[in-house]
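So the chains spell out like this:
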Amino acid sequence: MKLATWNVNSLNVRLPHLLDWLASSQPDVVCLQETKLVDAKFPREAIESAGYQVAFAGQKTYNGVAILARSPLAEIEAGIPGFADEQKRVLSATVTSTRVACLYAPNGQAVGSDKYEYKLRWYEALRDWLRMELARHPRLAVLGDLNIAPEDRDVHDPKAWEGQVHVSEPERAALRALIGLGLEDSFRLFVQPEKSFSWWDYRMAAFRRNAGLRIDHILLSSALARRCSACTIDKAPRKLERPSDHTPVIAELS
DNA sequence: ATGGCGCGCGCAGCGCGA
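Computed from a predicted structure; not experimentally measured.

Asker: Even after reading the chapter, I still don't get the pairing of strand 3 (residues 53–57), so can you show me in this structure?
Answerer: Successive residues of a regular strand alternate their side chains across the two faces of the sheet. With four of its five residues buried, strand 3 lies for the most part within the structure. Where strand 3 and strand 4 (residues 65–69) come together, five bridges link them in antiparallel fashion. Residue pairing across strands places A55 opposite I67, the latter belonging to strand 4.

Asker: Just to check I follow, could you spell out the packing of aromatic side chains for this structure?
Answerer: Geometry of an aromatic ring pair is reported as the spacing of the ring centres plus the angle between the planes. The full count for this structure, using the stated rule, is four aromatic pairs. Ring geometry for F42 and F56: centres 4.1 Å apart, planes at 10°, overall stacked. Of this pair, F42 sits in the loop between strand 2 (29–33) and helix 2 (44–49) while F56 sits in strand 3, and the two are 14 residues apart along the sequence. In this structure F42 comes out as buried when scored by relative accessible area, which is 8%. Judged by centre distance (4.8 Å) and plane angle (85°), the rings of W200 and F207 are edge-to-face. Judged by its relative accessible area of 0%, W200 is buried.

Asker: So what exactly am I meant to see when it comes to the sheet that holds strand 5 (residues 73–78) here?
Answerer: Think of a sheet as strands paired side by side through backbone hydrogen bonds, with each pair either parallel or antiparallel. Spatial strand order, 5-6-7-8-12-9: six strands in an open sheet with mixed pairing. In this open sheet, the two strands that pair with only one neighbour each are strand 5 and strand 9 (183–185). Recorded for the sheet is a direction-independent mean angle of 20° between the axes of neighbouring strands. Bridge analysis of strand 6 (residues 90–95) against strand 7 (residues 98–104) gives six bridges, and the strand direction is antiparallel. Residue pairing for strand 7: T94 is matched across the bridge by R99. Against the sheet, helix 3 (residues 114–136) engages strand 5, strand 6, strand 7, strand 8 (140–145), strand 9 and strand 12 (216–221), with an angle of about 175° to strand 7.

Asker: Please clarify how the sheet that holds strand 13 (residues 228–233) should be interpreted in this entry.
Answerer: The six strands are arranged 3-4-2-1-14-13 in an open sheet whose pairing can be described as mixed. Two strands close off the open sheet at either side, each with one partner strand: strand 3 and strand 13. When strand polarity is set aside, the average angle formed by the axes of neighbouring strands in this sheet is 10°. In the packing of helix 1 (residues 11–25) onto the sheet, contacts are made with strand 1 (2–7), strand 2, strand 4 and strand 14 (249–253), and the angle to strand 1 comes to roughly 160°.

Asker: It is not clear to me how the packing of helix 3 against helix 5 (residues 169–180) should be interpreted in this structure. Could you clarify?
Answerer: Each pair of packed helices gets described by two things: the angle between the helix axes and the distance between those axes. Following both chains from N to C, one finds helix 3 and helix 5 inclined at 10°, their axes separated by 9 Å at the closest point. With respect to helix 5, the element helix 3 is oriented roughly parallel. Where helix 3 approaches helix 5, its residues Y116, K119, L120, Y123, L126, R127 and L130 are matched on the opposing element by P170, E171, A174, A177 and L178.

Asker: Teacher, can you tell me more about the protein's contact with DNA strand B here?
Answerer: Contacts to DNA strand B come from 24 residues, most closely from S10, K60, N107, H166 and R203. Take the atoms of DNA strand B that sit within 4 Å of the protein: sugar and phosphate atoms are 72% of them. Between DNA strand B and N107, the relevant distance is 2.8 Å, taken from a base nitrogen to a side-chain nitrogen or oxygen of the residue. Here the surface near DNA strand B is composed, by residue class, of eight nonpolar, eight polar and eight charged.

Asker: Quick question: what am I supposed to make of the environment of P243 here?
Answerer: Following the sequence through the fold, P243 ends up in the loop between strand 13 and strand 14. Taking the C-alpha atoms as reference points, P243 and R14, 229 residues apart in sequence, are found 7.5 Å from one another. Residues contacting P243, with those up to four places away along its chain left out, are R14, H17, Y202, P237 and R238.

Asker: In this structure, what is going on with unusual backbone geometry? I would like to understand it.
Answerer: In this structure, S97 takes a positive phi of about 65° despite not being glycine. When you line up the elements, S97 lands in the loop between strand 6 and strand 7. On the accessibility criterion, S97 (52% relative accessible area) is exposed. Its identity as a non-glycine residue notwithstanding, K195 has a phi of 55°, on the positive side. In this structure, K195 sits in the loop between strand 9 and strand 10 (199–200).

Asker: Please clarify how the environment of L183 should be interpreted in this entry.
Answerer: Relative to the assigned elements, L183 resides in strand 9. Residues L183 and Y104, spaced 79 residues apart in sequence, show a C-alpha to C-alpha distance of 18 Å. Contact partners of L183, with chain neighbours within four places excluded, come to L130, L134, L140, V142, L178, L219, L220 and S221.

Reading the values: rules and limits
- Residues numbered from 1 in each chain as written.
- Chains lettered and ligands numbered in written order.
- Predicted model: local features only at pLDDT ≥ 70, side-chain atom pairs only at ≥ 80, totals over all residues.
- Heavy atoms only, no water.
- Buried < 20%, exposed > 50% of the residue type's maximum accessible area, 1.4 Å probe, protein only.
- Helix = DSSP H or I, 4+ residues; strand = E, 2+ residues; numbered from the N terminus.
- Pairing = 2+ DSSP bridges.
- Phe/Tyr/Trp six-rings, centres within 6.5 Å; stacked < 30°, edge-to-face > 60°.
- Axes fitted to C-alpha atoms, helices over the stretch in contact; angles between N-to-C directions.
- Contact = heavy atoms within 4.5 Å.
- Parallel < 35°, antiparallel > 145°, perpendicular 65-115°, else oblique.
- Near = heavy atom within 4 Å.
- Polar contact = N/O pair within 3.5 Å; in protein donor to acceptor, adjacent residues only side chain to side chain.
- Nonpolar A, V, L, I, M, F, W, Y, C, P; charged D, E, K, R; others polar.

Shown next as structure tokens:
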């Protein structure tokens, strides 16, 4: 089973890229972030025609998450229970006995800002909820744009980024707290190329210079991690015309 | 090098992302 996550930065703009990528990569489950579409405008038919069932929770202009799967989606739930939030950032569903959580973590804007505080609060609520989800669902996969680069090797220029949002110690501690629940960063289960990133700024020719961050992640419970045979970043969609600034991350489970 | 890009909204130019 191939599980993938991709922040598409507007599904309206990126739908042709997504459909091409589904056809060429044949993932079984795909978590999308930043769809930026109200549910009434979600391109359900195009995605169903490509052979995928779909669940989505969107809003106008910002955020928006979706789960695509070749097998039926059950127990679909939007948001973090008990955490009141207008922003559509969380969607979970069960696919063939695997619980899938699709996440779009807050950006945080700048350390110390209101949005940064919201990011840390969001992560606290996420941790408390995932603890319960893990107890309920031993086969849990958490995929998404987590907006945190876990370590300096996940940052193209750690000196320039030191202490900044996405790499600050409180954020990294929040991500480690998820790992501490019993999740594994599937990417680091394997030897990986140096300077592997999943996002590159549109500006400053950042992709050409490989000036990126690894902020899109697939976390697996130990029951799933044991069955994980690979985790890769697919840079191909980032090379297309009008790309998303993020590119897909894929985990393969046996 | 923090500017520079790309998105939505909506029709100019701003807020936002990371």
